[in-house]
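Residues per chain, in single letters:
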Amino acid sequence: MALTRLEKAQVWLFKAVMGVFMMLFRVFSPRRPAVSDKKLPPVRNPLLFVSATQLAKKIRRKEVSSVEVVQAYIDRIQEVNPFLNAVIKDRFAAALQEAAQVDKLIEEETGGEEVLEDRLPLLGVPLSVKESFALQGMPQATGVISRRGVVSTVDAPPVALLKRAGAIPLGVTNTSELCMWCESHNHLHGITNNPYDLERIPGGSSGGEGSILAAAGAVIGIGSDIGGSIRMPCFFNGIFGHKTTPGVVSPENQYPPISGSQDEYLSTGPMCRYAEDLLPMLKIMAGPNAHMLSLNTKVDLKKLRFFTILHDGGSPVTYPVSKELMDIQKKVVERLEADLGVQVQEVHFPELRYSFQIWNTYMGLPDKEGKPPLPFAMLMGESGRPVWPLWELLKWMMGKSEHTMAAIGLALLEMTHVSKPSAFIIQQKEKLQKEVEELLGTDGVFLYPSHPRVAPKHHHPLFRPFDFAYTGIINILGLPVTQCPLGLGEEGLPLGVQVVGGKLQDHLSLAVALYLEKTFGGWRDPGAN
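Read on for an overview of the structure. Because the structure is predicted, anything quoted here is derived from the model rather than measured. (Residues numbered from 1 in each chain as written. Predicted model: local features only at pLDDT ≥ 70, side-chain atom pairs only at ≥ 80, totals over all residues. Heavy atoms only, no water.)

**Some words on the environment of Phe236**
Residue placement: Phe236 occurs in helix 8 (residues 231-237). Residue Phe236 is classed as buried on the basis of its relative accessible area of 1%. Sequence separation of Phe236 and Asn194 is 42 residues, and the distance between their C-alpha atoms is 7.7 Å. Among residues more than four places away in sequence, those in contact with Phe236 are Asn194, Tyr196, Ile201, Pro202, Gly203, His451, Arg453, Val454, Ala455, Pro456 and Pro494. (Helix = DSSP H or I, 4+ residues; strand = E, 2+ residues; numbered from the N terminus. Buried < 20%, exposed > 50% of the residue type's maximum accessible area, 1.4 Å probe, protein only. Contact = heavy atoms within 4.5 Å.)

What follows is the structure, encoded as structure tokens:
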């Protein structure tokens, strides 16, 4: 069954509008200074090559002090942030004071290393935080100029839990405007660069996190994901990230707030350079809900059922998956079969062709009480007054708008939404949900491309705005997924793949991540030759 005429018209309209936007962008946007000859300096301090889990162990054993570790990361941020614009507000002085308190606590502890490990598993380890999360004393503007003066007075629950486990926040990182675009760019803090190629995007909305983590300016971080905002930055920057099963990690004290039925699709999760840090971070961040996941269950990879899906079947609104990315996913299949003795079955779901339409439809659904989600134009405005998207577009053309082209475009596209969701799209989603859940059960995982191409150049996603559908569809299905790096490709840019499990089976994809890190080498220093 094909799309209705109305739905075909919507797709055509989306493409036409974005084509016009890109033409306008090229004509009216200011030119960026060339950075093609600049390269990130290599990592020199050996402490920056140690996972958070191992750093915590070294700190507990007094092999290194927390002050030394925190200072090493401060030095690295100061070295690379002028290239990246990833950390937008630091708390270095406070972090060093907290690190000194940690070292004093360890000196005075009489219960031994095991007591500290149990009570404070991340004691003394530095942490970066996406600016959309409340971090006491830090800004929480999410790139909106009218929120310039907003400073958090509390910690978001997962941030508070990580701090309670001993982690020391170093600062907050850049996002896309209102966290709803795949490039971390806004008119308050500027644009964030990819450490592997400064002319390319680090993804969004957790792009500042992805960039500073990949540049070894942080070892662990925290992100949120409603359409790929953890996974795209992790993919583009060659690090690990996990989109948790929804409803496990608290979404409170994030901005923008969730509304409508979005609580069913938003997930908060860990981002890091080393796969062994994912599971302990998730245990901490889940807090009282950790029991919902089988995180203490040992996984025998040889007993899992593996599947692979190479593309979405040819959606008219997404870019075709590059040969380079399909080849690396095939290589993963070959290694799984050779190393584990498993058979990886290639499967196809025709409904994936409608991934963007499914995401777009479900993001607009009301909550259980019938209340629709907050309009994006309302969030863009001041004091509860929505912006006028067409007026903002005219202002942007004159260089007078406070908003990015991406945000204005989203507000304009929002105007095309129909009040009644498409019965066809609802049917496609329900059918896909049933088929995927039956396929995975409690012992299955599937591989799926993270994006159709490696990290695009700055602003190029405006050409292909719906490529995030490769990640967004997993949000709507409510499944846990771990983003895993798979080395560097032809252009020296990170490759990767999504590993997707059944609901509440987060431990399965986390176990596969450990295997893939060992097999493909994990994170690579972007400053290395």
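**Examining the pairing of strand 8 (residues 267-272)**
The buried fraction of strand 8 amounts to 6 of the 6 residues, a majority that puts the element mostly inside the structure. Across 6 bridges, strand 6 (residues 220-225) lies against strand 8 in antiparallel orientation. Across the sheet, residue Asp225 finds its bridge partner in strand 8, namely Ser267. In the sheet, strand 7 (residues 240-243) pairs with strand 8 via 2 bridges, with the strands oriented antiparallel. Of the residues in strand 8, the one forming a bridge with Phe240 is Cys272. (Pairing = 2+ DSSP bridges.)

**Topic: a nonpolar patch on the surface**
On the surface, Val20, Met23, Val27 and Phe28 cluster together to form a nonpolar patch covering roughly 370 Å² of accessible area. On the basis of relative accessibility, which here comes to 52%, the residue Met23 falls in the exposed class. (Patch = residues over 30% accessible without salt bridge, like charges linked within 9 Å, V, L, I, M, F, W, Y side chains within 5 Å. Areas by Shrake-Rupley, 256 points an atom, 1.4 Å probe, with all protein chains shown as cover. Salt bridge = Lys/Arg side-chain N within 4 Å of Asp/Glu carboxyl O.)

**Comments concerning the sheet that holds strand 8**
If you walk across this open sheet you meet the 11 strands as 1-3-2-6-8-7-12-13-11-9-10, and the pairing is mixed. In this open sheet, the two strands that pair with only one neighbour each are strand 1 (87-90) and strand 10 (344-346). Mean inter-strand twist for the sheet, computed between neighbouring axes without regard to direction, equals 25 degrees. In this sheet, strand 12 (residues 481-488) lies alongside strand 7 in antiparallel orientation, the contact comprising 3 bridges. Across the sheet, residue Gly241 finds its bridge partner in strand 12, namely Gln483. (Axes fitted to C-alpha atoms, helices over the stretch in contact; angles between N-to-C directions.)

**Looking at the packing of helix 11 (residues 355-363) against helix 15 (residues 423-440)**
Relative to each other, helix 11 and helix 15 sit at 105 degrees, their axes nearing to 9 Å. Taken together, the axis directions place helix 11 and helix 15 in an arrangement best described as roughly perpendicular. For the pair helix 11 and helix 15, contact is made by Gln357, Ile358, Thr361 and Tyr362 and by Ile425, Ile426, Gln428, Lys429 and Glu430, respectively. Among the residues forming the contact of helix 11 with helix 15, the class breakdown is 4 nonpolar, 3 polar and 2 charged. (Parallel < 35°, antiparallel > 145°, perpendicular 65-115°, else oblique. Nonpolar A, V, L, I, M, F, W, Y, C, P; charged D, E, K, R; others polar.)

**A closer look at the nonpolar core**
The tendency in soluble globular proteins is for nonpolar side chains to be buried side by side. Judged by nonpolar contacts, the single largest core of 167 residues is most densely connected at Leu162, Ile220, Phe306, Leu336, Phe446 and Leu516. Sequence-distant contacts of Phe306, defined by excluding residues within four places in its chain, comprise Leu301, Leu336, Leu340, Val342, Gln343, Val344, Gln345, Val445 and Val512. (Core = buried A, V, L, I, M, F, W, Y, C linked by side-chain atoms within 4.5 Å.)

**Considering the state of the cysteines**
Under the counting rule described, the total for this entry stands at 0 disulfides. The thiol of Cys179 is not disulfide-bonded; the next cysteine sulfur, from Cys182, is found 13 Å away. By relative accessible area, which is 9% here, Cys179 ends up buried. (Disulfide = S-S within 2.5 Å.)

**Quick word on the pattern of salt bridges**
Across all of its chains, the model carries 21 salt bridges by this definition. When the shortest N-O distance is used, the salt bridge between Asp155 and Lys163 registers 2.8 Å. Judged by its relative accessible area of 17%, Asp155 falls in the buried class. A residue is classified by how much of its surface remains accessible, and Lys163, at 27% relative accessible area, is partly exposed. Between Asp197 and Arg200 there is a salt bridge; the shortest N-O distance is 3.0 Å. Salt bridges here are not isolated pairs; linked through shared partners, they connect Arg60, Arg61, Glu113 and Glu117.

**Section: the side chain of Gln483**
On the secondary structure map, Gln483 appears in strand 12. Assessed through its relative accessible area of 0%, Gln483 is described here as buried. Leaving out residues up to four positions away in the same chain, Gln483 has contacts with Arg231, Cys234, Phe235, Ile239, Phe240, Gly241, Ser450, Gly496, Val497 and Gln498.

**What about helix 17 (residues 506-520)?**
Counted at 1.5 Å a residue, the expected span for helix 17 with its 15 residues is 21 Å, and the 21 Å between its end C-alpha atoms agrees. Burial analysis of helix 17 places 13 of its 15 residues in the buried class, the great majority of the element. Downstream of helix 17 by a residue or two, Gly521 has a phi angle that is positive, lying close to 95 degrees. (Expected span 1.5 Å × (residues − 1).)

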